[in-house]
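# Architecture and fold: a report
So you can see what is in the structure, the chains are spelled out below.
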There are 2 protein chains.
Amino acid sequence: MNIYDVSKKANVSIATVSRVLNGNPNVSDKTRAKVLAVMEQLGYTPNVFARGLGLNTIQTIGVMCSDSSDLYLANAIYYLERDLRSNGYDSILCCTGYELETKQKYFDLLCSKRVDAIILAGSKFIELKPKDNSYILDAAKKIPIMLVNGYLEGSNIYSTVCDDQAAMYEAASQLIKSGHQKLLYLYSSTSYSGMNKMQGYKNALADASLSLGPEYIHQCRKDIMASKELLLSLHEKGLDFDGVLTSDDSLAAGAVKYAHEAGRKIPEDLSIIGYNNSILSTCTDPELTSIDSKIEALCTTTVNTLMGVFSGGNVPSRTTIAADLIKRETTNL
Amino acid sequence: MNIYDVSKKANVSIATVSRVLNGNPNVSDKTRAKVLAVMEQLGYTPNVFARGLGLNTIQTIGVMCSDSSDLYLANAIYYLERDLRSNGYDSILCCTGYELETKQKYFDLLCSKRVDAIILAGSKFIELKPKDNSYILDAAKKIPIMLVNGYLEGSNIYSTVCDDQAAMYEAASQLIKSGHQKLLYLYSSTSYSGMNKMQGYKNALADASLSLGPEYIHQCRKDIMASKELLLSLHEKGLDFDGVLTSDDSLAAGAVKYAHEAGRKIPEDLSIIGYNNSILSTCTDPELTSIDSKIEALCTTTVNTLMGVFSGGNVPSRTTIAADLIKRETTNL
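Heads up: these notes are all about the structure in this document. Nothing here was measured: the structure is a model prediction, and the numbers come from that model.

Now for the overall build of chain A. A tally of regular secondary structure across chain A gives 13 helices and twelve strands. For chain A, whose C-alpha radius of gyration is 25 Å, the value lies well above the compact-globule estimate of 20 Å for 333 residues. The proportion of buried residues among the 333 residues of chain A is 57%. For chain A, restricting intrachain contacts to residue pairs at least 6 apart in sequence, the fraction spanning at least 24 positions comes to 71%. Accessible surface, chain A: about 13,600 Å² in total, of which carbon and sulfur atoms supply 47%. The positive charge centre, built from 33 side chains, and the negative charge centre, built from 37, are 10 Å apart in chain A.

This next bit is on the pairing of strand 1 (residues 60-65) of chain A. Consecutive residues of a regular strand have side chains that alternate between opposite faces of the sheet. Residues and elements named next belong to chain A. Among the six residues of strand 1, six are classified as buried, and the element is accordingly described as predominantly covered. Alternating residues of strand 1 divide into T60, G62 and M64 and I61, V63 and C65, and every residue in both groups is buried. Here strand 1 runs beside strand 2 (residues 90-95); their pairing, made up of six bridges, is parallel. Counted as the bridge partner of C65 is C95 from strand 2. In this fold, the crossover linking strand 1 to strand 2 by way of helix 5 (residues 71-86) has right-handed handedness. Note: strand 1 against strand 3 (residues 117-121), five bridges, orientation parallel. Across the sheet, residue M64 finds its bridge partner in strand 3, namely L120.

In this section: helix 3 (residues 29-42) of chain A. Residue and element names in this part refer to chain A. Relative to the 20 Å expected for 14 residues at 1.5 Å per residue, helix 3 spans 20 Å between its end C-alpha atoms, a close match to the ideal helical length. Listed as buried for helix 3 are R32, V35, V38 and M39. Here the buried residues of helix 3 occupy an arc of 130° about the axis, which is enough to place them on one side. In helix 3, the exposed residues that point more than 90 degrees away from the buried face are D29, K30, E40 and Q41.

Right, let's get into the side chain of D164(B). All names here are of chain B. With respect to the element layout, D164 can be found in helix 8 (residues 164-177). No salt bridge forms around the buried D164; measuring N to O, its nearest opposite-charge neighbour K197 is 5.1 Å away. Engagement of the side chain of D164 in a polar contact is seen with the side chain of S193, the distance being 3.0 Å.

Parameters at a glance
- Residues numbered from 1 in each chain as written.
- Chains lettered and ligands numbered in written order.
- Predicted model: local features only at pLDDT ≥ 70, side-chain atom pairs only at ≥ 80, totals over all residues.
- Heavy atoms only, no water.
- Helix = DSSP H or I, 4+ residues; strand = E, 2+ residues; numbered from the N terminus.
- Rg over C-alpha atoms; globule rule 2.2 N^0.38 Å.
- Buried < 20%, exposed > 50% of the residue type's maximum accessible area, 1.4 Å probe, protein only.
- Contact = heavy atoms within 4.5 Å.
- Areas by Shrake-Rupley, 256 points an atom, 1.4 Å probe, with all protein chains shown as cover.
- Lys, Arg positive; Asp, Glu negative; His and termini not counted.
- Charge placed at Lys NZ, Arg CZ, Asp CG, Glu CD.
- Pairing = 2+ DSSP bridges.
- Right-handed = clockwise from strand over helix to strand, strands pointing away.
- Expected span 1.5 Å × (residues − 1).
- Arc of directions from axis to C-beta.
- Salt bridge = Lys/Arg side-chain N within 4 Å of Asp/Glu carboxyl O.
- Polar contact = N/O pair within 3.5 Å; in protein donor to acceptor, adjacent residues only side chain to side chain.

This is the structure:
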């Protein structure tokens, strides 16, 4: 049962059936009544996708994320779907992995489906080389591109970002003020968000006139065990550190395990600060002080901005949301 | 730019354009060439959703879950999307929450969009009262309904389940064989999966001729702190227990926190077993022994079964996958 059957039975064109479905006023009352009667007779339910033919919208948003099983992104997907649906939009989910080529392929795929907009969830979509982002700029000529905690300058591109730099600056500064001198920084990604966090750490050190060598900054896989092993190896090499700041709770959870294994007391001998305030922050013992990066607010704002774009409002191309430092047991602040 | 523009410019009907798009042989070579030339001239990209009009498939699967931010379901969403996409299908995601009425509403919404099938991820969709499942049975008359770790008997309904009962039976039996007599059972849900897990626990006790009262079985919110508080209150009431079996790692993580606070040594004084082998199981200290419920295998099998249904193969209506007991530091097995 489809629109062809209705058109044939009602003896009108498919375009007319489509106009009736879309509430287009350009159909006579008589024809409209005939088409509706046939639809009822045939038990035809309009296929909303078919509206993509007649309307400019299929009421569907493409949502891309690198990995929906990541704790942060899983929450993003949840909030985005919830808020899009409450506005009457479906989400087509696309988990792309981390390779640029695959991201581009899926992005093109979503564009070819004529989605009404694409939301890129997480900061992994913006590349450092401008030419690697040109496919996004091109797509933005046709549909709005929304970035959740990523930033790219361009027409019809809208970013909602967490102020990661200020959050990490504040966390590092509080540790310094409470007497810490040797702050280690662990990060997993060189994304927009990742670079901002690191800059916050560096600025806090500079403003406190603390000078620490590159041996105090380490990249680490977003994995509890990898973080623990890295810290144990730094400890064995004799590196002296009294605080660990991290770009993700999983790295901080690894730091807790390191401290237990190395026999260091938390927070007396070692302070630890996580990021994202995930379920991991209450799972470790002691519980993690962590930066709440406000993923729900980021997603809600992204969807609200998108609805503003659709309704032709004057919406900001960039919105920044402040993070919160949630103090628990791995610091004494 | 849409199919109407192409039809107008090529001076053919929309039906003809649609036939060309769908590779329908019922179009002359001359007409096909004309339509393709116009599409190229106009820069028209076919909207795959529009194929829903002409084909019986829109190559889109509705995926429903109660909450995609739940650790288990976040993984399910990830694996389902990945495996559907590798078969050329999109996923429309629907996070329904836990209310029956909302679940039904979203289910009907997906059906109205003429998705090719609906996958219900997680065991929260099947209700205990048969009449509450009738909407699923009705929908199955039109499209395949796939259940990931849920079970409902009916035509065109396919279940892939983890053998939760056998897994919990084995875990409890191993604890009993290693000398435990007072095994507490914590669960959060009375779903199909939840009831099977509990039955496994009960059967293990019965087969070992252990008789424990109802005070050894407790329902608890799927939350680390709720579990910790519940166990502390049972401890204060003087309940004697030497092992805790749980339906989810979060409850087991709470049990670890309880043991630390109550000064009980793990696993010497208290053994703890989690479920789902999630990231929490390596986050606690000591790390959780946990049952790997094989979510990736469940999802891959679900998608393979669905592809078998689409290709008209003779596929089983129910597939059972065995779980694994992953032994870590909260037991001495």
